[in-house]
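Fold and contact review
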2 protein chains.
Amino acid sequence: MSSEPLKIALAGLGTVGGGTASLLSLQADLLEARAGRKLRLTAVSALEAPPGIPLGEASFYADARKMVAEADYDVLVELIGGASGIALEIVKGALAKGKHVVTANKAMIAHHGVELAKLADTLGAQIGFEASVGGGIPIIKSLREGLAGNRVVSVKGILNGTCNYILTTMRAEGRDFADVLAEAQRLGYAEADPSFDIDGVDTAHKLAILASLAFAMPIDLEGVSCEGIRHVSALDIQYADELGYRIKLLGVARQTDKGVEARVYPAMVPLSFPLAHVDGVFNAVVTEGDFVGRTVLEGRGAGARPTASAVVADLVDLARGHVTPMFGLPLSHLKPQPQAPLGEHCSAYYIRLMVRDEPGVFADIAAALRDEQVSMEQIIQRGRDPGGSVPVVMTVHETKESSMQKALARIAALPALSEPPHLIRIEAA
Amino acid sequence: MSSEPLKIALAGLGTVGGGTASLLSLQADLLEARAGRKLRLTAVSALEAPPGIPLGEASFYADARKMVAEADYDVLVELIGGASGIALEIVKGALAKGKHVVTANKAMIAHHGVELAKLADTLGAQIGFEASVGGGIPIIKSLREGLAGNRVVSVKGILNGTCNYILTTMRAEGRDFADVLAEAQRLGYAEADPSFDIDGVDTAHKLAILASLAFAMPIDLEGVSCEGIRHVSALDIQYADELGYRIKLLGVARQTDKGVEARVYPAMVPLSFPLAHVDGVFNAVVTEGDFVGRTVLEGRGAGARPTASAVVADLVDLARGHVTPMFGLPLSHLKPQPQAPLGEHCSAYYIRLMVRDEPGVFADIAAALRDEQVSMEQIIQRGRDPGGSVPVVMTVHETKESSMQKALARIAALPALSEPPHLIRIEAA
């Protein structure tokens with residue numbers, strides 16, 4: 001183990017960058033003891049140096065490219081963000097010089113992870129990306145190291161704090177999606193353009209990374225199907241409660257006989273499943289391994305300090321000289337996997353239909369389900385509004401997604417329906 | 001990274017030993033890809049070779065001492081168990097030869113961990129003990145590596161599967177402790193002498209290990225105060241339900257201004273606390289770090305396959321050449337910490353009194369509490385049995401343990417009490 005300091009160049013002094021600089025300064029002695037050498041911030045870059053962030057003797061650069069080219073460092077910590085652009089450019093620049101990289105940038109890893117891993121391998125550099133998934137939760141380390149003896153069967157996670165905050169608040173306060181989103185935007189919990197979070201894109205990035213680690217495959221972002229939470233209504237959340245579920249935006253990746261199924265969707269999660277109790281800005285990941293069985297890791301999924309904790313864990317690993325293949329095994333061992341046909345996925349479902357309160361409607365619905373061999377489990381219909389619309393809520397037993405979609409297409413075409421059917425998957429416990 | 005195989009000598013072919021041999025055989029290719037070299041079982045020892053365990057070309061030894069002295073290996077996997085005796089002897093024997101050690105033996109680590117770490121340090125060997133706490137949960141790795149940037153504030157865990165199974169079954173089936181324990185013994189979930197589990201000794205071993213990692217102190221088993229679950233009754237569990245709690249045997253270690261408080265006790269856990277939903281044979285650990293905040297790790301706490309998963313994770317780390325100080329930082333940095341005075345611990349409490357149904361009793365109880373400044377929160381008294389005994393259940397607000405004990409001593413002396421008071425701490429969420 002080297003007793004030279006590990007020299008760190010930090011690009012980006014926003015929330016996470018500031019948190020990381022604080023951690024490196026506040027815990028300097030602890031980190032030196034743990035790593036056996038100092039972790040020294042030698043250079044930082046940002047458009048301007050924000051006040052109140054302890055930068056010690058680090059050189060300041062207004063241009064990250066210049067820092068990467070000229071500063072004295074062993075590892076670049078990239079906390080600028082964005083799938084490409086300046087972040088990708090400086091990461092490639094650092095790797096090309098044989099420098100290590102630590103990043104919290106899930107978009108960049110999801111889009112360019114394999115390309116970057118190849119570059120790093122060629123030049124003997126390491127890429128740490130613990131902070132890219134699940135904030136402070138050590139999920140990357142667990143998959144690559146702690147569960148290294150397992151073939152992973154599935155990974156299911158709550159991976160986006162903004163969505164989980166919105167869904168938790170909708171339930172706690174009985175409010176509707178648009179209302180809670182607007183408030184979250186005012187409070188700074190959601191972006192002005194919230195699509196990245198609420199349409200599931202951010203979750204898809206993280207899921208693509210986890211699936212790669214879990215199933216020893218190159219990252220396949222294209223293979224992740226994606227559905228967000230815009231269509232989840234207060235009414236659905238209320239019915240979920242009544243039926244013994246919580247609605248959560250999940251990223252789910254499964255190894256099946258026909259390939260890997262990777263998808264993002266809001267799901268009804270039974271109270272007996274660990275993810276049902278993960279609320280607010282917390283994230284959690286449930287992994288099923290063939291030897292270890294089920295493990296659950298939960299923690300804060302974002303924020304300056306938790307994310308800094310993950311960034312620094314990667315730095316301590318580098319300082320200790322630990323070398324782990326980026327995806328848990330060498331790139332040459334990663335095997336692309338076919339996408340499992342989504343239509344063959346079996347699941348139970350929750351269906352909410354808004355139907356005009358007329359005689360005979362239910363017979364048509366029941367016939368459509370019967371003809372596609374979809375078997376009903378529960379039905380809730382109460383309240384009457386003769387001439388108006390009433391909700392009819394059903395849960396159906398496990399059925400093939402293609403059958404469910406066919407039945408639903410028939411139901412959607414019924415003249416009695418006043419709006420398209422609402423469908424939410426029920427996650428098996 | 002060496003491309004020579006990592007040669008493994010395995011001592012003990014019981015449940016975990018058999019599971020480890022199976023894992024090494026079944027996942028040989030995966031492990032080779034992950035570690036960059038083969039993990040080869042070269043020697044095993046057991047009283048006799050059980051049938052059905054894949055031992056490949058490993059040499060068989062009936063005497064573990066002889067194996068340690070004569071076999072060709074890089075790492076000894078000790079799965080015999082016991083705080084001292086043969087397990088300790090062979091571990092010292094292997095370390096003395098400069099061989100690495102991987103063990104699931106929490107009793108040995110809790111009693112002799114520091115002594116073994118010194119021996120290992122002297123000879124450049126590593127000791128892996130992930131399997132000693134929490135079965136397959138990568139909790140040791142998380143504390144030493146994943147959360148390396150944090151000062152840990154507290155660690156709270158459900159660390160004994162037998163106790164959690166008993167408490168979960170008592171609640172689910174409304175049965176009493178002795179009854180469920182007897183059944184667990186018949187089913188092989190509890191030992192013929194169950195004291196080690198149900199009196200909290202096993203939890204204390206694991207907590208002592210976690211506290212050492214969390215607070216950078218030498219293992220201090222003597223400093224762990226310990227209370228088991230024998231006195232938890234079906235009635236208490238029923239009241240817990242009514243009050244919105246679950247009763248769990250916890251190991252809790254906290255850093256306080258006056259030192260470290262480490263104790264094992266059955267606690268009322270609010271439903272909003274993650275440990276409330278950890279049932280059956282599952283274990284879980286909640287860690288509070290100053291940067292990461294709260295993290296929760298949950299998984300199977302025992303059993304052949306989950307424990308083998310943890311043993312093999314340590315072997316993969318060794319094969320990858322990762323070197324981590326045994327307690328997360330060098331032995332010279334471990335600082336003994338004073339035990340925080342237990343009497344100053346503040347907690348809310350649940351109290352159940354069995355009192356003779358006579359006028360005026362409650363006034364005496366209330367006076368005893370008032371005189372010690374213990375403030376009542378809720379009282380449940382229902383059912384009458386004139387001349388007989390009825391339960392009076394109270395919860396009290398946060399109070400110093402010493403005040404609580406003084407009040408309780410006065411209450412215990414009241415002639416109306418038909419049995420000693422039952423006291424259970426209420427864990428803060």
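Just so it is clear, the model here is predicted, and its values are computed rather than measured.

Right, let's talk about the sheet that holds strand E2 (residues 39-45) of chain A for a bit. All names here are of chain A. Pairing is parallel across the open sheet formed by six strands, whose spatial order is E3-E2-E1-E4-E5-E6. Each edge of the open sheet is held by one strand with a lone partner, namely strand E3 (59-61) and strand E6 (127-128). Its contacts with the sheet put helix H1 (residues 15-26) on strand E1 (6-11), E2 and strand E4 (75-78), and the angle it makes with E2 is roughly 150°.

Further remarks concern the domain arrangement of chain A. All names here are of chain A. Its domain assignment divides chain A into domain 1 (6-132), domain 2 (139-300) and domain 3 (344-426). The centre of domain 2, based on its C-alpha atoms, is set 26 Å off from the matching centre of domain 3. Taken together, the contact between domain 2 and domain 3 spans 13 residues of the former and twelve residues of the latter. Elements represented by at least two residues in the side of domain 2 that touches domain 3 include exactly helix H11 (234-243), strand E9 (245-256) and strand E10 (259-270).

Let's shift gears to the pairing of strand E4 (residues 75-78) of chain B. Residues and elements named next belong to chain B. Burial along E4 is two-sided: Val75 and Val77 and Leu76 and Glu78, pointing in opposite directions, are all buried. Pairing between strand E1 (residues 6-11) and E4: four bridges, direction parallel. Bridging across to E4, alanine 9 finds its partner in leucine 76. Where E4 lies against strand E5 (residues 100-103), four bridges are found, and the strand directions are parallel. Each residue of the ladder has a partner; that of valine 75, found in E5, is histidine 100. With respect to chirality, the unit in which E4 leads through helix H4 (residues 85-96) into the neighbouring parallel E5 is right-handed.

For the pair chain A and chain B, the superposition axis carries a translation of 0.0 Å, the fit reaches an RMSD of 0.0 Å, and the rotation angle comes to 180°. Taken together, the rotation and translation relating the two chain copies correspond to the operation of a two-fold axis. Looking at the interface residues of chain A, 100% of them are also at the interface in chain B, so both copies use one shared face.

Now for the interface of chain A and chain B. With 48 residues of chain A at the contact, the number on the chain B side is 48 residues. Listed by contribution, the elements that provide at least two residues to the side of chain A that touches chain B are helix H2 (28-35), helix H6 (139-146), strand E12 (293-300) and helix H12 (304-320) of chain A. Ranked by the residues each element gives to the side of chain A that touches chain B, the list is headed by H12 of chain A, at nine residues. Residues belonging to the side of chain A that touches chain B are distributed by class as follows: 22 nonpolar, 16 polar and ten charged.

Turning our attention to the pairing of strand E15 (residues 389-400) of chain B. Residue and element names in this part refer to chain B. Bridge count between strand E13 (residues 346-356) and E15: ten bridges; the pairing is antiparallel. If you follow tyrosine 349 over to E15, its bridge partner there is valine 396. Relative to E15, strand E14 (residues 376-381) runs antiparallel, the two being bridged by five bridges. Within E15, the position partnered with glutamine 381 by the bridge is valine 392.

All names here are of chain A. By the element assignment, alanine 11 lies in strand E1. As a C-alpha pair, alanine 11 and alanine 87 span 76 residues in sequence and 8.6 Å in three-dimensional space. In this structure, alanine 11 is in contact with Ser45, Ala64, Met67, Leu76, Val77, Glu78, Leu79, Ile80 and Ile90, ignoring residues within four places of it in sequence.

All names here are of chain A. Taken N-terminus to C-terminus, the directions of H1 and H12 make an angle of 65°; their axes are 8 Å apart at the nearest point. The way H1 lies across H12 gives a crossing that is right-handed. For the pair formed by H1 and H12, the contact residues are Thr15, Val16, Gly18, Gly19, Thr20, Leu23 and Leu24 on the first element and Ala304, Arg305, Thr307, Ala308, Val311 and Val312 on the second. Split into classes, the residues belonging to the contact of H1 with H12 amount to seven nonpolar, five polar and one charged.

This brings us to the confidence of the model for chain A. Here chain A averages 95 in pLDDT, and 100% of its residues register 70 or above. Here the predicted complex scores 0.96 on pTM and 0.95 on ipTM.

As a further point, take the sheet that holds strand E6 (residues 127-128) of chain B. Residues and elements named next belong to chain B. Pairing in this open sheet of six strands is parallel, and the strands run E3-E2-E1-E4-E5-E6 from one edge to the other. Each of the sheet's edge strands pairs with one partner strand only, and the pair in question is strand E3 (59-61) and E6. Bridge analysis of strand E2 (residues 39-45) against E3 gives three bridges, and the strand direction is parallel. Counterpart to valine 44 in the pairing with E3 is phenylalanine 60.

So, how was this worked out
Residue indices begin from 1 for each chain and proceed along its sequence in written order. Both sets of labels track the order of writing: A upward for chains, 1 upward for ligands. Where local features are concerned, this predicted model is filtered to residues with pLDDT of at least 70; where side-chain atom pairs are given and counted, the filter is 80 or more; whole-chain, interface and lining totals use all residues. When DSSP locates at least two bridges between a pair of strands, those strands are taken to pair. Secondary structure elements are taken from DSSP: a helix is a run of H or I of four residues or more, a strand is a run of E of two residues or more, and numbering for both begins at the N terminus. Once C-beta atoms have been placed from the backbone, residue pairs whose C-beta atoms lie within 7 Å are recorded as contacts. In this description, a line fitted to the C-alpha atoms serves as the axis of each element, helices being fitted only across the stretch in contact, and the angle between N-to-C directions of two axes falls anywhere from 0 to 180 degrees. An automatic or database domain assignment supplies the residue ranges for each domain. With C-beta atoms placed from the backbone, a residue is buried if 20 or more other C-beta atoms are within 10 Å of its own, exposed if 12 or fewer are, and partly exposed between those counts. Handedness is read with the strands pointing away from the viewer; a crossover is right-handed when the path from the first strand over the helix to the second is clockwise. Alignment of the copies relies on least squares applied to C-alpha atoms, considering only residues that score at least 70 for pLDDT in both. When residue character is reported, Ala, Val, Leu, Ile, Met, Phe, Trp, Tyr, Cys and Pro are called nonpolar, Asp, Glu, Lys and Arg charged, and the others, Gly included, polar. Handedness of each helix crossing follows the sense of rotation of the near helix against the far helix: counterclockwise by less than a right angle gives left-handed, clockwise gives right-handed. As a per-residue measure, pLDDT tells how confident the predictor is, with possible values from 0 to 100.

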